[in-house]
Amino acid sequence: MHDRFPLPDWNELAGSDDRTLPLLGTALLIARDEYPHLDADHYDAQVRGHVEHLRAQVESVEPWPQKMAAINRHLFEEVGYAGDSEHYYDPRNSYLNEVFERRLGNPISLALVQIEVARRLGVPLDGVSFPGHFLVRLPVDDGVLVMDPFNRGRPLDEDELRQRARPHLNGEVPDDRALFQILNPATHRSILMRVLRNLHGVYAERDDWERAARSADRILRLVADNADALRDRGLAYMKMGYRQGARTDLARYLQLNPEAPDAGPLRERLVELSSGSLRMN
């Protein structure tokens, strides 16, 4: 029996362009690493259920913001999806199957649910790789409507967006041009990479080096030779005692990034890896 909702193959993703890179399918593929028996059809059916429940209501109103308000009301009030502020760094908040099951997530996983449901209803919702918290955006007559999936899809005005961006811009308030750039739609690839970077950060923090290495490896399946992911996987391999993998990755990182701020210490690590005198602390 074939899956009705087949997942992509990790080995083919680097070659696919952003328009054909499936967002829901790849997010579930990321989750399948942790949950090998995950049933992709089951979660696609949940999305279809949300869509069918909303279809008549969404088609009965014309303006996109009103359509979006109906979608948000259903997802966040009726179904009960919510931001997990109590256990924000729980890795389950990054795995989409868990988000569907628990109705809890982080900004980017909740945005993935919103985007998938909205687009299937013909509403052109995009993600925004905003510094700090991931957001979503919808085109409106005179610009874009920006919403916060972590807070039930609440719309954010320009002043709040500027203040939210400020701590990530050395305290500078972004001008119109800078804000406009920050609010560019995120590509599917960049959204999925951000999910994996979040997972890498959680696992590295917990000294779970096997899963940290896996998260970095998956980024490299999306973007071959991504320098940060090479460094992260190399350092995780080093912690795991996999010297050859660590050597290969760190050498490639330094080749791509010879002037990187961490190049000095990493060169020392490489020497230790090659000489066999590596200390694991």
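As the structure is a prediction and not an experimental result, all values here were calculated from the model.

**Structural notes on the packing of helix 10 (residues 209–222) against helix 11 (residues 227–240)**
Consideration 1: Between helix 10 and helix 11, whose axes approach to 8 Å, the crossing angle comes to 155°. Put simply, helix 10 runs roughly antiparallel to helix 11. In the crossing of helix 10 with helix 11, the sense of the turn from one axis to the other is left-handed. On the side of helix 10, the interface is formed by W209, E210, A212, A213, A216, D217, I219 and L220, while helix 11 contributes A229, L230, D232, R233, A236, Y237, K239 and M240.

**Some details on the sheet that holds strand 4 (residues 135–140)**
Hydrogen bonding along the main chain pairs the strands of a sheet, whether they run parallel or antiparallel.
Consideration 1: Taken in spatial order, the 4 strands of this open sheet run 3-4-5-6, and their pairing is antiparallel. Strands with a single pairing partner mark the edges of an open sheet, and in this sheet they are strand 3 (126–128) and strand 6 (154–156). Taking each pair of neighbouring strands and ignoring which way they run, the sheet shows an average axis angle of 45°.
Consideration 2: On top of the sheet, helix 7 (residues 158–165) reaches strand 4, strand 5 (143–148) and strand 6; it is set at about 80° to strand 6, its chief contact.

**Brief notes about the domain arrangement of the protein**
Consideration 1: When cut into domains, the protein gives domain 1 (13–183) and domain 2 (225–276).
Consideration 2: A C-alpha centroid distance of 34 Å is found between domain 1 and domain 2.

**A few points about helix 11**
Consideration 1: Over its 14 residues, helix 11 extends 20 Å from the first C-alpha to the last, a length consistent with the 20 Å expected when each residue adds 1.5 Å.
Consideration 2: Burial of helix 11 is extensive: 10 of the 14 residues sit out of reach of the surface.
Consideration 3: Those residues of helix 11 that fall on the buried side of the exposure criterion are A227, A229, L230, R231, D232, R233, G234, A236, Y237 and M238.
Consideration 4: If you follow the buried residues of helix 11, they end up packed against helix 9 (188–205), helix 10, helix 12 (243–256) and helix 13 (263–275).

**So, the packing of helix 2 (residues 23–34) against helix 6 (residues 107–120)**
Consideration 1: The geometry of helix 2 relative to helix 6 is characterised by a closest axis approach of 10 Å and an angle of 150° between their N-to-C directions. As the angle between them shows, helix 2 and helix 6 are arranged roughly antiparallel. For the element pair helix 2 and helix 6, the recorded crossing hand is left-handed. Contacts between helix 2 and helix 6 involve L23, L24 and A27 on the former and, on the latter, L112, I115, E116, R119 and R120.
Consideration 2: Its residues assigned to classes, the contact of helix 2 with helix 6 comprises 5 nonpolar, no polar and 3 charged.

**Focus: the UniProt feature "domain: Protein SirB1 N-terminal" (unreviewed entry) in the protein**
Consideration 1: With numbering aligned to this structure, UniProt lists the feature "domain: Protein SirB1 N-terminal" (unreviewed entry) at residues 42–197.
Consideration 2: Helix makes up 51% of residues 42–197 and strand 14%. Its end C-alpha atoms lie 26 Å apart.

**Topic: empty space enclosed by the protein**
Consideration 1: Evaluated as defined, the whole model comprises 1 cavity of 30 Å³ or more.
Consideration 2: One number sums up the size of the largest cavity: a volume of about 30 Å³.
Consideration 3: In this structure, the largest cavity is lined by I30, D33, Y95, L196, L199, R214, S215 and R218.
Consideration 4: If you list the elements that add at least two residues to the lining of the largest cavity, you get helix 2, helix 9 and helix 10.
Consideration 5: Sorting elements by how many residues they give to the lining of the largest cavity places helix 10 first, with 3 residues.
Consideration 6: Looking at the lining of the largest cavity residue by residue, the classes come out as 4 nonpolar, 1 polar and 3 charged.

Criteria and cut-off values
- The written sequence of each chain sets the order in which its residues are numbered from 1.
- In view of the model being predicted, local features appear only for residues whose pLDDT reaches at least 70, and side-chain atom pairs are presented and counted only at 80 or more, with totals across whole chains, interfaces and linings using the full set of residues.
- Only hydrogens and water are set aside when side-chain values are computed; all heavy atoms of the structure are taken into account.
- Structural elements are reduced to axes, namely lines fitted to C-alpha atoms, with helices fitted over the stretch in contact, and the angle between N-to-C directions of any two is expressed from 0 to 180 degrees.
- For helices the rule is a DSSP run of H or I covering at least 4 residues; for strands it is a run of E covering at least 2, with both sets numbered from the N terminus onward.
- Relative orientations are named as follows: roughly parallel for angles under 35 degrees, roughly antiparallel for angles over 145 degrees, roughly perpendicular for angles from 65 to 115 degrees, and oblique for any other angle.
- By definition, turning the near helix anticlockwise from the far helix through less than a right angle yields a left-handed crossing, and turning it clockwise yields a right-handed one.
- Contact between two residues is taken to exist if any of their heavy atoms lie within 4.5 Å; hydrogens are not considered.
- Paired strands are those between which DSSP finds at least two bridges.
- Each domain's limits were defined by an automated method or a database of domain assignments.
- In a helix, the anticipated span is given by 1.5 Å times the number of residues less one.
- Accessible area is worked out with a 1.4 Å probe on protein chains only. A residue is then buried under 20% of its type maximum, exposed over 50%, and partly exposed in between.
- Gly counts as polar in this scheme, as do all residues outside two lists: the nonpolar Ala, Val, Leu, Ile, Met, Phe, Trp, Tyr, Cys and Pro, and the charged Asp, Glu, Lys and Arg.
- UniProt positions are given in the numbering used here, feature names are shortened, and annotations may be inferred rather than shown by experiment.
- Every definition here rests on a 1 Å grid over the protein atoms only: cavities are sets of points where a 1.4 Å probe fits but cannot get out, pockets are open sets enclosed by protein on both sides within 12 Å along at least five of seven lines, and lining residues have some atom within 4 Å of a point.
- Grid points are joined across faces, edges and corners, and a volume is the space filled by probe spheres set on the points.

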